[in-house]
Amino acid sequence: MTFPYLFELPKIIDSRGNLSVVENHKEIPFDIQRVFWIYDVPTNILRGGHAHPNSEQILIAVHGRFSVTVDNGKKHETFMLDKPNQGLFIGNNIWREMSDFSDGAVCLVLASKPYDPTGYIRNYDDFLNS
Ligand code: TYD
C-alpha cells in the first residue's frame, strides 16, 4: 500500500497569471469521478477524521494553507499544503485529518469514486482493526 505523498503539479507561469492543470492517468493515477472542495473553515476546526477503504483522493490547497495528518495504522505524517501546484495523494485505507486552515483556505479534493456514505470508516479503532 502506497503511503501518502506530495507531488508537484504542472505550473504554467504567465505574467497574466499562472495556471495549473491535471488530467486523468497523467498527473492523476486514477479516473476522477468526483470533485469537491472545503472552504470557509473556522479557526481550530478539524475536518476529516475518517478513512475510505475504496476511494483514492488527491488534495490540493488551491488557496491558502492547511495541514493534513495521514496515518496507515503503523505510521503517521503531517503534510503542510500551501501551493496550488502541489497535490497530496491519499490511497485507500488511510486515516486523514485536516487542520490549521488559514483564513480563506480552499481544499480541493479529486476522488476516484462517487460519493458513498457507506464508504467511510469513522471510528479510529475500527480503522486499526480493518
Ligand atoms: P464529510 O466527508 O464527512 O466531511 P468531513 O469528514 O471533512 O467532515 O462530509 C461532510 C458532509 O458532506 C456529509 O454530510 C456528507 C456530505 N458530502 C456529500 O454529500 N458528498 C460528498 O462528496 C462529500 C465529500 C460529502
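Scope of this entry: the structure provided in the associated data block. (Residues numbered from 1 in each chain as written. Predicted model: local features only at pLDDT ≥ 70, side-chain atom pairs only at ≥ 80, totals over all residues. Heavy atoms only, no water.)

**Details of the overall build of the chain**
What counts, and what does not: Runs of E in the DSSP output that reach at least two residues are strands. Runs of H or I that reach at least four are helices, and both are numbered from the N terminus. It is over C-alpha atoms that the radius of gyration is taken, and the globule rule equals 2.2 Å times the number of residues to the power 0.38. Classification of residues uses two cut-offs on accessible area relative to the type maximum, computed with a 1.4 Å probe and protein chains only: under 20% is buried, over 50% is exposed, and between them is partly exposed. When checking whether two residues touch, look at their non-hydrogen atoms; a contact exists if any pair is within 4.5 Å. We treat Lys and Arg as the positive residues and Asp and Glu as the negative residues; His and chain ends play no part in the count. A charged residue contributes its charge at one atom only: NZ of Lys, CZ of Arg, CG of Asp or CD of Glu.
In terms of helices and strands, the chain carries one helix and eleven strands. Tracing the chain from N to C terminus, the helices and strands come up as β-β-β-β-β-β-β-β-β-β-β-α. The C-alpha radius of gyration computed for the chain amounts to 15 Å, which stays within 12% of the reference 14 Å derived for 130 residues, consistent with globular compactness. Oriented by its inertia axes, the alpha-carbon framework of the chain measures out at about 50 × 35 × 25 Å. Counting the 130 residues in the chain, one finds 38% classified as buried. For the chain, the share of sequence-separated contacts (at least 6 apart) that also reach a separation of at least 24 residues comes to 77%. Averaging the positions of the 12 positive and the 16 negative side-chain charges in the chain gives two centres separated by 2 Å.

**Re the pairing of strand β6 (residues 57-63)**
As a reminder of what qualifies: Pairing between strands is defined by DSSP: at least two bridges between the two strands are required.
Most of β6 sits out of view: five of its seven residues are buried. Of the pairings in the sheet, the one linking β6 to strand β9 (residues 86-90) comprises three bridges and is antiparallel in character. When the bridges of β9 are listed, Gln57 appears paired with Ile90. Pairing analysis gives six bridges linking β6 to strand β11 (residues 106-111), with the strands arranged antiparallel. The residue of β11 that forms the bridge with Ala61 is Cys107.

**With respect to the sheet that holds β9**
As a reminder, the rule being used: A fitted line through C-alpha atoms serves as each axis, taken over the contacting stretch for helices, and the angle formed by two N-to-C directions is quoted from 0 to 180°.
The five strands lie next to each other as β1-β9-β6-β11-β4, forming an open sheet whose pairing is antiparallel. Each edge of the open sheet carries a strand with a single partner, namely β1 (5-8) and β4 (34-38). Between one strand and the next, the sheet's axes are offset by a mean angle of 25°, whatever the strand orientation. Sheet topology places β1 next to β9; four bridges connect them, and they run antiparallel. Note that in β9 the partner of Tyr5 across the bridge is Phe89.

**Thoughts on unusual backbone geometry**
Where the residue is not glycine, phi is negative for most of them; where a peptide bond is considered, it is trans in most cases. If you check the backbone angles, Asn44 has positive phi at about 65° while not being a glycine. If you check the backbone angles, Asp100 has positive phi at about 55° while not being a glycine. On the basis of relative accessibility, which here comes to 52%, the residue Asp100 falls in the exposed class.

**A short note on the environment of Phe101**
Inspection of the secondary structure assignment puts Phe101 in the loop between β10 (95-99) and β11. A relative accessible area of 9% places Phe101 in the buried class. Apart from the residues lying within four places of it in its own chain, the contact partners of Phe101 are Val41, Ile45, Arg47, Arg65, Phe66 and Cys107.

**A word on the packing of aromatic side chains**
How two aromatic rings sit relative to each other is set out by the distance from centre to centre and by the angle between their planes. To be explicit about the condition: Whether two aromatic rings pair depends on their centres lying within 6.5 Å, for rings of Phe, Tyr and Trp, where Trp uses its six-membered ring; planes under 30 degrees apart make the pair stacked, over 60 edge-to-face, and the rest tilted. The criterion for a charge sitting over a ring is simple: Lys NZ or Arg CZ within 6 Å of the ring centre, and within 35 degrees of the ring normal.
Tallying each qualifying case throughout the model produces seven aromatic pairs. With a centroid separation of 5.8 Å and an interplanar angle of 40°, the aromatic rings of Tyr124 and Phe127 are classed as tilted. Placement of the pair is Tyr124 and Phe127 together in helix α1 (residues 124-129), with a separation of three residues, close to one helical turn. Taking relative accessible area as the criterion, Phe127 reaches 4% and is therefore assigned buried. An aromatic cluster of three or more residues is present, and its members are Tyr5, Phe7 and Phe89. Note that Lys75 overlies the ring of Phe3, its terminal NZ or CZ placed 4.2 Å from the centroid. The cationic tip of Arg122 hangs over the ring face of Tyr120; the distance from NZ or CZ to the ring centre is 4.1 Å.

On their own, these measurements won't tell you what the molecule is for.
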